[in-house]
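What the coordinates show
Below, each chain spelled out in residue letters.
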Amino acid sequence: MFDMNRYRYEYFYDMATVIEGVLPETLCDELASRAQVVIDEKGVDLVRHSGLGTDAVSDLGGDYHHHIFKGDDVRRCLPELYAVYHALVPLVSLVTHTDTVVSPYPLSDVNIKAYPPGGGTLGLHYDTNGITVLLFLTSNSEAPLRMQIERTHPSKNMPWIEHKKIYARKGALLVMQGRKVLHDSEPTVSEQKLSVVCNYYERHDTYRHEDFDNFVYYGAKPKWLSESSGQE
Ligand SMILES: [Fe+2]
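Residues numbered from 1 in each chain as written. Predicted model: local features only at pLDDT ≥ 70, side-chain atom pairs only at ≥ 80, totals over all residues. Heavy atoms only, no water.

**Considering the pairing of strand 8 (residues 145-151)**
Quick reminder of the rule: Here the term buried applies to any residue with accessible area under 20% of the maximum for its type, exposed to any over 50%, and partly exposed to those in between, with areas from a 1.4 Å probe on protein chains only. Numbering of helices and strands starts at the N terminus; helices are DSSP runs of H or I of at least 4 residues and strands are runs of E of at least 2. Pairs of strands are assigned from DSSP output, requiring at least two bridges between the strands.
Residues of strand 8 alternate between two faces, with Leu145, Met147, Ile149 and Arg151 buried on one and Arg146, Gln148 and Glu150 left unburied on the opposite face. Bridge count between strand 8 and strand 9 (residues 160-166): seven bridges; the pairing is antiparallel. In the sheet register, Glu150 faces strand 9, and the bridge partner there is Ile161. Sheet topology places strand 8 next to strand 11 (residues 182-185); four bridges connect them, and they run antiparallel. Looking at the pairing, Arg146 lines up with Asp184 of strand 11.

**A few points about the confidence of the model for the chain**
Definition in use: Confidence scores per residue from the predictor, reported as pLDDT, run from 0 to 100. Here, two residues are considered to be in contact whenever any of their heavy atoms come within 4.5 Å of each other.
Residues of the chain with pLDDT of at least 70 account for 91%, and the chain-wide mean is 91. Note that pLDDT drops below 50 for residues 227-232; the model gives that stretch three contacts with residues more than four away or on any other chain.

**Structural notes on the environment of Ala87**
Position of Ala87 relative to the elements: it lies in helix 4 (residues 79-87). Taking the C-alpha atoms as reference points, Ala87 and Phe136, separated by 49 residues in sequence, lie 16 Å from one another.

**Describing the coordination of the iron ion**
Under ideal tetrahedral coordination, the four donors around a metal are separated by 109.5 degrees; under ideal octahedral coordination, the six donors are separated by 90 or 180 degrees. Put simply, the rule is: Note: metal donors comprise N, O and S atoms at 2.8 Å or less from the metal (3.2 Å for Na, K and Ca); water molecules are not included, so apparent gaps in a site are possible.
Here the iron ion is held by His125 (NE2), Asp127 (OD) and His183 (NE2), and the distances to it run 2.0 to 2.2 Å. Along the chain, the residues donating to the iron ion are arranged with the sequence spacing H-x1-D-x55-H. You'll find His125 and Asp127 in the same group, each marked buried.

**What to know about the nonpolar core**
Stated formally: The nonpolar core is taken to be a set of buried Ala, Val, Leu, Ile, Met, Phe, Trp, Tyr and Cys residues, with the residues joined through side-chain atoms within 4.5 Å.
Ranked by internal contacts, the top residues of the largest apolar core, which has 36 residues, are Phe69, Leu78, Leu81, Ile112, Val133, Val196 and Tyr200. By residue number, the principal contributor to this core is helix 2 (residues 25-40), which donates six residues. If we ignore the near neighbours within four places in the chain, the residues touching Ile112 are His67, Ile68, Phe69, Val74, Leu78, Leu81, Leu194, Ser195 and Val196. Core analysis: the next-biggest nonpolar cluster, separate from the first, contains 15 residues, Val18, Ile149, Ala168 and Ala172 among them.

**Considering the packing of helix 1 (residues 4-13) against helix 5 (residues 89-96)**
Stated precisely, the cut-off is as follows: Axis lines are fitted through C-alpha atoms, for helices just across the contact stretch, and the angle between N-to-C directions can take any value from 0 to 180 degrees. The labels follow the angle: roughly parallel below 35 degrees, roughly antiparallel above 145, roughly perpendicular from 65 to 115, and oblique for the rest. Asp, Glu, Lys and Arg are counted as charged, while Ala, Val, Leu, Ile, Met, Phe, Trp, Tyr, Cys and Pro are counted as nonpolar; the rest, among them Gly, fall into the polar class.
Where helix 1 contacts helix 5, the axes come no closer than 8 Å and their chain directions differ by 70 degrees. If you check the angle between helix 1 and helix 5, you find them roughly perpendicular. In this structure, helix 1 contributes Met4, Tyr7, Arg8, Tyr11 and Phe12 to the contact, and helix 5 contributes Leu91, Leu94, Val95 and Thr96. In terms of residue class, the contact of helix 1 with helix 5 is made up of seven nonpolar, one polar and one charged.

**As for the sheet that holds strand 8**
Strand pairing in a sheet relies on backbone hydrogen bonds. The paired strands run either parallel or antiparallel. Taken together, the four strands give an open sheet; going across it, the order is 6-11-8-9, and neighbouring strands pair in antiparallel fashion. Edge positions in the sheet fall to strand 6 (122-125) and strand 9, since each of these pairs with one other strand and no more. Within the sheet, the average angular offset between the axes of one strand and its neighbour, ignoring direction, is 15 degrees.

**Thoughts on the environment of Ser155**
Here is the rule: Pairs of N or O atoms are called polar contacts if they sit within 3.5 Å, as long as, within protein, a hydrogen donor faces a hydrogen acceptor (for residues adjacent in sequence, only side-chain-to-side-chain pairs).
Residue placement: Ser155 occurs in the loop between strand 8 and strand 9. Judged by relative accessible area, Ser155 falls into the exposed class, the value being 55%. A polar side-chain atom of Ser155 sits 2.6 Å from a polar atom in the side chain of His153.

**A word on helix 4**
Selection criterion: Note that the arc is defined by the directions from the helix axis to the C-beta atoms.
Turning to helix 4, its buried residues number three or more, namely Leu81, Val84 and Tyr85. What you see down the axis of helix 4 is that its buried residues fit within an arc of 105 degrees, all on one side.

**Focus: the pattern of salt bridges**
As a reminder of what qualifies: Salt bridges, as used here, are contacts in which a Lys or Arg side-chain nitrogen is within 4 Å of a carboxyl oxygen on Asp or Glu.
Inspection of every chain in the model, using the stated rule, returns 16 salt bridges. Asp73 is the partner of Arg76 in a salt bridge, and the nearest nitrogen-oxygen pair spans 3.1 Å. With Arg76 and Asp73 both in helix 3 (residues 71-77) and three residues apart, this pair spans about one turn of that helix. On the basis of relative accessible area, Asp73 is assigned to the buried category, the value being 10%. Overlapping salt bridges, with partners in common, bring together Arg146, Lys165, Asp184 and Glu186 in one network.

**Topic: unusual backbone geometry**
Not every positive phi belongs to a glycine, and Met15 is a case in point at roughly 75 degrees. Along the chain, the position of Met15 falls in the loop between helix 1 and strand 1 (16-19). Positioned with a positive phi, Lys42 is a non-glycine residue whose angle comes to about 55 degrees. Topologically, Lys42 is positioned in the loop between helix 2 and strand 2 (45-50).

Next comes the structure, spelled out in structure tokens:
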């Protein structure tokens, strides 16, 4: 039975939920091997920068090391995933209780992040889009998504942080409140990890930082920081 109440509960109170078996494993394998051909042919960019993030782009300045399929790369190389991205809107809307819409930003609407073995990672950050959905194409025993969930309770004097790790499982869909919870991807050791990143928004709020895509995709320093330090 599809337990919508459980997914909604986890999304609202644990900041993320995982729906297993959205894509069959055999399809994930096929998509992953086609993505690998593109990477081997150097058909997509390698994102590799460190310490560039700022509050201006909701980032704490960590390491970034992964191949990136931008929106047009996904449409060109793995168009099925663009179809999946659109087809998931009603499901995401039901889980999140929102008027979910696809992203108006074609560079970042649906991406693949391919973390290579030996240090593939993503720095600690908040997402800028309202609703974050990851579709995992690999199963991994390392390199989990790490979340820092802020907790409070009247019985405690101070708020505290609950740390949670979510390991990728082939074909599973993670739906997360990425604007509200700090998260990163623990560095890989010997495995490759492939995540399809589906960025959704709410119809009334499609805000995105002006500098964000240049930072994420090209490692360009956010504008206000460049101006204050006199660098381009
Ligand atoms: Fe994120």
